[in-house]
Number of protein chains: 2
Amino acid sequence: MKTTLTESYTETAEFLKSHDNYYILIHVAPDGDAMGSGFGLCRVLREMGKNANVLCSDPFPKRYEYLYDWYEPGRFTPKTVVAVDLADKKLFGKELTAYEEYVDMCIDHHVSNTGYAKQTVLDPGASAACEVLYEILTAGNIPLDDISAKCIYTGIATDTGCFKFENTTPRCHVIVSELMSFDIPYAPINRQLFDIKSKARLTIEQQVLGSAETYLDDKCAIIAVTHKMMSETGLSKEEFEGLASLPMQIEGVVVGVTIKEKEEGKFKISMRSTEEADVSAICGKLGGGGHARAAGCSVEGTLEQVKMKALSAVAPALGFDLWLS
Amino acid sequence: MKTTLTESYTETAEFLKSHDNYYILIHVAPDGDAMGSGFGLCRVLREMGKNANVLCSDPFPKRYEYLYDWYEPGRFTPKTVVAVDLADKKLFGKELTAYEEYVDMCIDHHVSNTGYAKQTVLDPGASAACEVLYEILTAGNIPLDDISAKCIYTGIATDTGCFKFENTTPRCHVIVSELMSFDIPYAPINRQLFDIKSKARLTIEQQVLGSAETYLDDKCAIIAVTHKMMSETGLSKEEFEGLASLPMQIEGVVVGVTIKEKEEGKFKISMRSTEEADVSAICGKLGGGGHARAAGCSVEGTLEQVKMKALSAVAPALGFDLWLS
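Residues numbered from 1 in each chain as written. Chains lettered and ligands numbered in written order. Predicted model: local features only at pLDDT ≥ 70, side-chain atom pairs only at ≥ 80, totals over all residues. Heavy atoms only, no water.

**What to know about the sheet that holds strand S5 (residues 119–122) of chain A**
Residues and elements named next belong to chain A.
Part 1 of the argument: One open sheet holds the five strands; their spatial order is S2-S1-S3-S4-S5, and the pairing between them is parallel. Two strands close off the open sheet at either side, each with one partner strand: strand S2 (52–55) and S5. Between one strand axis and the next, the sheet turns by 20° as a mean value, whatever way the strands run.
Part 2 of the argument: The pairing of strand S1 (residues 22–25) with strand S3 (residues 80–84) spans four bridges and is classified as parallel. In the strand pairing of S3, Tyr-22 is matched with Thr-80.
Part 3 of the argument: Strands S1, S2 and S3 of the sheet are contacted by helix H2 (residues 32–47), whose axis makes an angle of about 165° with S2. (Pairing = 2+ DSSP bridges. Helix = DSSP H or I, 4+ residues; strand = E, 2+ residues; numbered from the N terminus. Axes fitted to C-alpha atoms, helices over the stretch in contact; angles between N-to-C directions. Contact = heavy atoms within 4.5 Å.)

Put into structure tokens, the structure is as follows:
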């Protein structure tokens, strides 16, 4: 883009004001930022008297129900397609592939955004897509209400680990202080997002952490979640979300690797890291991507083969030139 | 006080500028806010060319070493005694009792502050003593540096659970955004404070949570840490800190009770709560006090008796008029 970010914020706000009949697309396996930016934008547009629906290939997660308990999809013919927090067509999922060529506007913060949309407003320095959305709305004097403020708060809080991670900027804190002029039940929200666990979830965390393996001078921890473990606990698929941060709890770990079995011979790897390693680059070597501190990829093979592939990619990043088991 | 808070911030800043040879007192079992406000103030005074030492009845915890790795106590005759985050003489501990009658200034945020000092600057709406200290320093244009900024950040972050708890205000977020103009390694700090655990600590957490008992329609969870458990794990006393938040992780829990054996027949109870219960009032009934969401008390008896005393105090607060096991 030739325009500066601030200019494009104002232009994007004008775009939002001058269009109607919105389909808002969010990525598969939606997290707090996808849900927050999707429903935050939807709410704001509806408050402006416009038609807007949120579309996702996966069901909206129950843990974020407080973001959409007011929402019913409307019946209208879509005219404008906006994608939020959606970096790549690969993340559209089955239900949204039909819209791949018709995205008018993408609002995002992923440096890896592939530029598939006709227009893209991207700030890779923003902690969350919700932060970019907030800048657009304030640049255009588009009013928030308690619900859209709660949505935007949730996106920023979840993507920064509640203001814990490196991507938390002074601007993040200023935005949140402004959002707090709305009635956001942030303490119960944060408790639900970051603290509370079902007894079944507590059990699986204990199991998974108890079986964590450490490699490369204990700087890399690997946990694995297999179909067998999942079926034995009786937990829902959703309750297995967010395990990826667990290996980072172990003292001394620089790269945490979580391997989850998707189907026979197919695994999803999630990596997290301290400032000492860039997991976006590491996952890139395995055909994936993401952020420097949080990234992922899909790998095929047996569980042991997948572990070896992950370790071979992690080793050089931790200064182990040649990695041999 | 007849003065407004803002006036007293300026006055306190003038007090700090016009005195010298400071002993700064912090409470027993110092937490992040005690350590942050103690060493933050000490650093600022030393940068002003003054003598200042931090005094505590307990050793400074190793987990906060990054706040005092620059510090050596100076040799001088004390002339000015300032207590920070210290609500009550009871929390002076053995080594500091000698100063009980000589505290010139107390900087605090506990509504339960007993007013033992000659002058008290108290904002019960502040998230942390560090927040009050920050207001004083900025009111008096007293400059911070990277180290004092790191100390103040730590106090606010720890007392708000990294901006998660109800006591997090818009002002908190604004202050933190200002502090971030200094070089604070907040991501590694937060990881160390909130995420990383030794393998031994992970084990004890699993043990303690695994043995949690729930009462009163599962709204009250009790965990107990006995001498026996502590000696079996081989963990240091310090590694047992911060367990009090564990019972709040269990879904549906409104009051979390952690009972820790201090010596034969003597127990320390820590309570945490959601907005639905005021544990300051509950612990008050047992001779203790604190904040609405985090409070404590000391109770004598056998472990079973102590549990019963705790439950009898909690039950009415949760709407159980008469509590019978």
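After that view, the rundown keeps rolling.
**A short note on the sheet that holds strand S11 (residues 294–300) of chain B**
Residue and element names in this part refer to chain B.
Part 1 of the argument: A sheet is described by the order of its strands in space; here six strands give the open sequence S6-S7-S8-S9-S11-S10, paired in mixed fashion. The strands lining the two open edges of the sheet, one partner per strand, are strand S6 (213–215) and strand S10 (289–290).
Part 2 of the argument: Inspection of the sheet shows strand S8 (residues 255–263) paired to strand S9 (residues 266–273) by eight bridges, in the antiparallel sense. By the bridge assignment for S9, Val-257 is matched with Met-271.

**Re the relation of the copies chain A and chain B**
Part 1 of the argument: It takes a turn of 180° to lay chain A on chain B, together with a shift of 0.0 Å along the axis; the resulting RMSD is 0.0 Å. In short, the pair behaves as if placed about a two-fold rotation axis. Proximity to the rotation axis, assessed at the C-alpha, singles out His173(A) in chain A; its C-alpha lies 2.5 Å from the axis.
Part 2 of the argument: A symmetric contact is evident, with 100% of the interface residues of chain A recurring at the interface of chain B. (Least-squares fit on C-alpha atoms with pLDDT ≥ 70 in both.)

**Points about the packing of helix H5 (residues 146–159) of chain B against helix H7 (residues 186–195) of chain B**
Between two packed helices, the angle of one axis relative to the other and the distance separating the axes together describe the packing.
Residue and element names in this part refer to chain B.
Part 1 of the argument: Taken N-terminus to C-terminus, the directions of H5 and H7 make an angle of 40°; their axes are 11 Å apart at the nearest point. The angle between H5 and H7 falls in the class oblique. Once H5 is placed against H7, the crossing between them reads as right-handed. Of H7, the residues touching H5 (which contributes Lys-150, Tyr-153, Thr-154, Ala-157 and Thr-158) are Tyr-186, Ile-189, Asn-190, Leu-193 and Phe-194. (Parallel < 35°, antiparallel > 145°, perpendicular 65-115°, else oblique. Left-handed = near helix turned anticlockwise from the far one by under 90°.)

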